[in-house]
Every structure is written in C-alpha cells, then in structure tokens.
Amino acid sequence: SVTLEQAKLVLLARALETSGDKSAKWTRADAESASLRAAHALGENAGAARMLVERARLVLSEAAKRGVSTTIGTKARFPLLLAPVFILAAFVLGALTDRIASPEHLVNLLSPPFWTVIVWNLAVYIVLFLCALGILGSSKDRFGLPLRSFLTSFVEKSAFSTFSFKKGYKSFFYSQWSSLAAPLVRMHVARVLHLAAIAFALGLIVSLLVRGFGTSYWAGWESTWLAENPSAVKKFLDCTYGLIPSMAGLPAMPDLAQVAQMRADNLPYLQSAPSAAPWLIRMMLLMTLVVIVPRLAFVLFDTWRIKRFRNHVCITLDDPYFEKILAQCAEDAALGQLLIVTSSVERPQRPQAIADIRKYWGLEADSSIFVMDFDDMQAPAPEISTDTPRKTVVLL
C-alpha cells in the first residue's frame, strides 16, 4: 500500500507511459532508464510499492525537464464548495421545521415533524448496522444507500467531468484516478450527510431555544386520532419524554388527568397552563441523544476512515505494466557499480557518449571512469571488488 499522493504519482507516470500521447515525448529507452535509475537508487531490498513510487518520481521529473506538464489537480473543488452550503441549508431547514411543527404559543408534544426526525435517524442507524453486517448493500459498496449513491454519483460526475482534458495522457489518468478515488468520495459524502444531520438537529434546537425567550409558550398536544384517548398519549409521552429522568429541576411526568387537560383545545380554559420549558428541555435532550451524539460518532469514524485511506491506498500489481516494471527493476537492482574503462587517446564523441551512459545508468555515484593506455602493456588495469553484494559491470 502507498499514500494517496504516492498513488497519484504512480498513476500519472503510468498514464504518461502507456496512453500513447505523443506530446509526452516518452520512449521505451526512457522507460528502461527510469527503471534502472530507480533500481540502483533503492537496491534489491526495496519493496514493490517503494520501487514504483521512486520510479514514478524519476519519470515525472524527466518529463518535466522536457517541457511536459506533470502538474494535475485532483481536488473536487465544486463539490467541496457545495458541502458547506448543503450543511447550512440543513441547519436552516431544521430551524424552519420547528416553526412549522408547532402552532403559535403551543409546543405540540406530538409534533409529527419532530418525531419524524427522531424516527428517521433511528431507521438510518438500523440500516447502517445491517449494512455493516453485510445483510444490506452490495459487495462493491456495503453502505450504498439511495441518497448516498445519488450524491456520490453527483460528486463524481461534477468532480471529474469538469476537467477539459478530452484526450492525451491526462485524460487517461483521470479515468484511472476516478476508480481509485471512488471509496474516498463515498466516505466524504457519508461524512457530509452526517454533518448535515447534526446541523439539522442544531437548527431545530436553536429554534426551540429561541422560542423560549421573549414569548410564553404552553406545552400541550393535539391529534385527530388520539383526541379521545389520553391514556394512549400518556403511554407515548412516558415511553419517549419519560426516558429523560426527572432531575436537575425537571418535573416528573404528568399523570393521566394532567395529560387529558393538556389537550390543545383545553389549554385556554385552564387557570395555569403547563409551562413548555421542561418539555423544551426534554425535546432538546432527546434530539441531542438520538441525533447529534450518534452522528458525531459517525463523523469521527468517517474522518478516521478517510485518513486511513489516504495513508494506505492499495494498488493492484497484477497488471502487465507493473509486472514488467518490477521484473526489470529486480534485474537492474542486482547490477551494482558501473566501471567505464576508456582509452587515454581522446576521441571527439567519447565524452558525450560516456555522459549519456552514466546518466542512463543512474546517479553519478553509481558509475566511475578509469582511463588507461591500451598500447602500454605495463599499464595497470582497474581493480574490481568481488566482495560487494551486487555485481560490478565493466564497460570497455
């Protein structure tokens, strides 16, 4: 495995070498030279990932020296711009939901929008749990829920279709990069959805807090189907709001007679209508425990997954391109120092030829030159050590 940035280098080098783009100005000899230099720089004990990354750096560096553009952006700027707007819209929608949920001067304890939010989030947790167990979802994407899949598809299309590369090695690179980065896109979409759910809950809570300042609200309930069944309403209140213990100033849950009096059409005739303050506190606590805390845990989990993915990207090596490169690097790494033995008689083209050979072989320290007089039978020959782990290659 490699980091995401290293994977980008490997894929970009591969695109430059295999796309057939003539503007890349890359030849087979250049590819062999890059493999040789990487092999000599790292040696025989280097792993496949390290060898591919080092070779990709050499390929891109050499291409850049020839005037080939090797800088390429991979950030999805348009989706990154939309993410905060999406989260802010969720906050505003949450605040409006509370305003729509309860009529003027009444906090409806059976508010359908409020309880829809609670039930929806609980349903999402159950579905995510089933996806984690493998009961739902596909093998490609275990958490491929409809909304996530739609947003993921939108992000991928808006991110990679905005680039103007219709052909060439950069177009080939993006076709490979979109597949590699697909899991990362899904994780980012999941995190944004969790943050939006938190923003929605915070908007609703802020609206509840604002409702408690400057205006006196009553706590009551209204329902067409349960209007004549206060006992059912009491059971519902006990099983939901009653989960919040009566502590820190919160009063106990009302009895059946009090629940019957809290029906919306009875409130105007009561001498002292029940205050909405304790119920608003319970509503905010329920929203915090059911939505904000679990969603925040999911956000932290997705953040950890994103960080892990960026540091551990798996590249499939069972590809002819990688197999050929690694096989050549393994052979080249077995060869050690290059010793060039040349005549003391000067030739016009020899210095340039030697410079090209040394550059092809690798770093300057990987080769040396020995000058001798071939016509002198007593001239000393260079010494070649046989104790080194890699073989010395002598070029006459």
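Along each chain, residues carry numbers from 1 onward, in the same order as the chain's sequence is written. The model is predicted, so local features are restricted to residues of pLDDT at least 70 and side-chain atom pairs to those at 80 or more, both for listing and for counting; the totals for chains, interfaces and linings are taken over all residues. Side-chain metrics rest on all non-hydrogen atoms present in the structure, leaving aside hydrogens and water.

Caption draft 1: Region of interest: the overall build of the protein. Looking only at helices and strands, the protein has 13 helices and five strands in total. Only protein chains enter the area calculation, which uses a 1.4 Å probe; residues under 20% of their type maximum are buried, those over 50% are exposed, and those in between are partly exposed. A burial count over the protein gives 39% of its 396 residues as buried. Of the roughly 22600 Å² that the protein leaves accessible, carbon and sulfur atoms contribute 62%. Numbered from the N terminus, helices here are DSSP runs of H or I no shorter than four residues, and strands are runs of E no shorter than two. Residue burial considers only the protein chains on display, and all accessible areas are found by Shrake-Rupley using a 1.4 Å probe.

Caption draft 2: Inspection of the sheet that holds strand β5 (residues 391-395) at higher detail. Two strands are counted as paired when DSSP detects at least two bridges linking them. Strand order in the open sheet formed by three strands is β4-β3-β5, with parallel pairing between adjacent strands. Both edges of this open sheet fall to β4 (367-372) and β5, since each of them pairs with a single strand only. In this sheet, adjacent strand axes meet at a mean angle of 25° when their direction is disregarded. All axes here are fitted lines through C-alpha atoms, helices being fitted over the stretch that makes contact, and every angle between N-to-C directions spans 0 to 180 degrees.

Caption draft 3: Spotlight on a nonpolar patch on the surface. Together, Phe 129, Leu 133, Ile 135 and Leu 136 give the surface a local cluster of nonpolar side chains, amounting to about 410 Å² of exposed area. Position of Phe 129 relative to the elements: it lies in helix α5 (residues 112-132). Patch definition: residues with relative accessible area over 30% and no salt bridge; like charges joined within 9 Å; nonpolar side chains (Val, Leu, Ile, Met, Phe, Trp, Tyr) joined within 5 Å. The salt bridge definition used is simple: a Lys or Arg side-chain nitrogen within 4 Å of an Asp or Glu carboxyl oxygen.

Caption draft 4: The arrangement of the environment of Ala 219 in detail. Following the sequence through the fold, Ala 219 ends up in strand β2 (residues 218-220). Since its relative accessible area comes to 0%, Ala 219 is described here as buried. Between the C-alpha atoms of Ala 219 and Ala 264, which are 45 residues apart in sequence, the distance is 8.5 Å. Any two residues whose heavy atoms approach within 4.5 Å are treated as being in contact. Every residue in contact with Ala 219, bar those within four places of it in the chain, is listed here: Leu 106, Val 107, Met 262, Leu 267, Pro 274, Ser 275, Ala 276 and Trp 279.

Caption draft 5: Quick look at the packing of aromatic side chains. Under the pairing criterion, centres of Phe, Tyr and Trp rings, with the six-membered ring standing for Trp, must be within 6.5 Å; the plane angle then separates stacked pairs below 30 degrees from edge-to-face pairs above 60, leaving the rest tilted. All chains considered together, the criterion is met by nine aromatic pairs. Ring geometry for Phe 114 and Trp 115: centres 5.1 Å apart, planes at 90°, overall edge-to-face. We classify Trp 115 as buried; its relative accessible area is 12%. Between Trp 115 and Tyr 241 the ring centres are 5.4 Å apart and the planes differ by 85°, which places this aromatic pair in the edge-to-face class.

Caption draft 6: Examining the packing of helix α2 (residues 28-42) against helix α13 (residues 350-361) more closely. The N-to-C vectors of α2 and α13 enclose an angle of 65°; their axes lie 7 Å apart at closest approach. Only Lys 359, Tyr 360 and Trp 361 of α13 make contact with α2, whose side of the interface consists of Ala 29, Glu 32, Ser 33, Leu 36, Arg 37 and His 40. Residue composition of the contact of α2 with α13, by class: four nonpolar, two polar and three charged. In this count, Pro and Cys sit with the nonpolar residues alongside Ala, Val, Leu, Ile, Met, Phe, Trp and Tyr, while Asp, Glu, Lys and Arg are called charged and the others, Gly among them, polar.

Caption draft 7: The arrangement of the nonpolar core in detail. Nonpolar cores are built from buried Ala, Val, Leu, Ile, Met, Phe, Trp, Tyr and Cys residues. Side-chain atoms within 4.5 Å join them into one set. Core analysis: the biggest nonpolar cluster contains 43 residues, and Leu 16, Phe 173, Trp 177 and Val 313 have the highest contact counts within it. Secondary-structure elements contributing two or more residues to this core are α1 (4-18), α2, α3 (48-65), α7 (169-180), α8 (182-211), α11 (277-311) and α12 (320-333). Core analysis: the next-biggest nonpolar cluster, separate from the first, contains 37 residues, Leu 204, Val 233, Ile 244 and Ala 276 among them.

Caption draft 8: Just the pattern of salt bridges, in detail. Applying the stated criterion across every chain yields a total of 10 salt bridges. Between Arg 263 and Glu 228 there is a salt bridge, with the nearest N and O atoms lying 3.5 Å from each other. One end of the pair, Arg 263, is in the loop between α10 (256-261) and α11; the other, Glu 228, is in the loop between β2 and α9 (230-240), with 35 residues separating them in the sequence. Put simply, Asp 30, Arg 37, Glu 62, Arg 66 and Lys 359 are held in one network by salt bridges that share partners.

Caption draft 9: Representation of α5 in the model. For α5, with 21 residues, the first-to-last C-alpha span of 30 Å sits near the 30 Å given by 1.5 Å per residue. Those residues of α5 that fall on the buried side of the exposure criterion are Phe 114, Trp 115, Val 117, Ile 118, Asn 121, Val 124, Tyr 125, Leu 128 and Cys 131. Residue Gly 134 follows α5 closely and has a positive phi angle near 85°. Helices are assigned an expected span. That span is 1.5 Å times one less than the residue count.

Caption draft 10: Examining the side chain of Ser 367 more closely. Structurally, Ser 367 can be placed in strand β4. Definition of a polar contact: a pair of N or O atoms within 3.5 Å, with one able to donate and the other able to accept a hydrogen when the atoms are protein atoms, and with sequence-neighbouring residues admitted only if both atoms are side-chain atoms. Separated by 2.8 Å, the side chains of Ser 367 and Arg 358 make a polar contact. Dropping the residues within four chain positions of it, Ser 367 is found in contact with Gln 337, Leu 338, Arg 358 and Trp 361.

Caption draft 11: The pairing of strand β3 (residues 335-343), seen in detail. Among the nine residues that make up β3, seven are buried, leaving the element largely enclosed by the rest of the structure. Note that β3 and β5 share four bridges and pair parallel. For Ile 340, the partnering residue across the bridge sits in β5 and is Leu 395. Bridge analysis of β3 against β4 gives six bridges, and the strand direction is parallel. Across the sheet, residue Leu 338 finds its bridge partner in β4, namely Ser 367. With the strands aimed away from the viewer, a crossover counts as right-handed if its path from the first strand over the helix to the second runs clockwise. In this view, the connection linking β3 to its parallel neighbour β4 by way of α13 has right-handed handedness.

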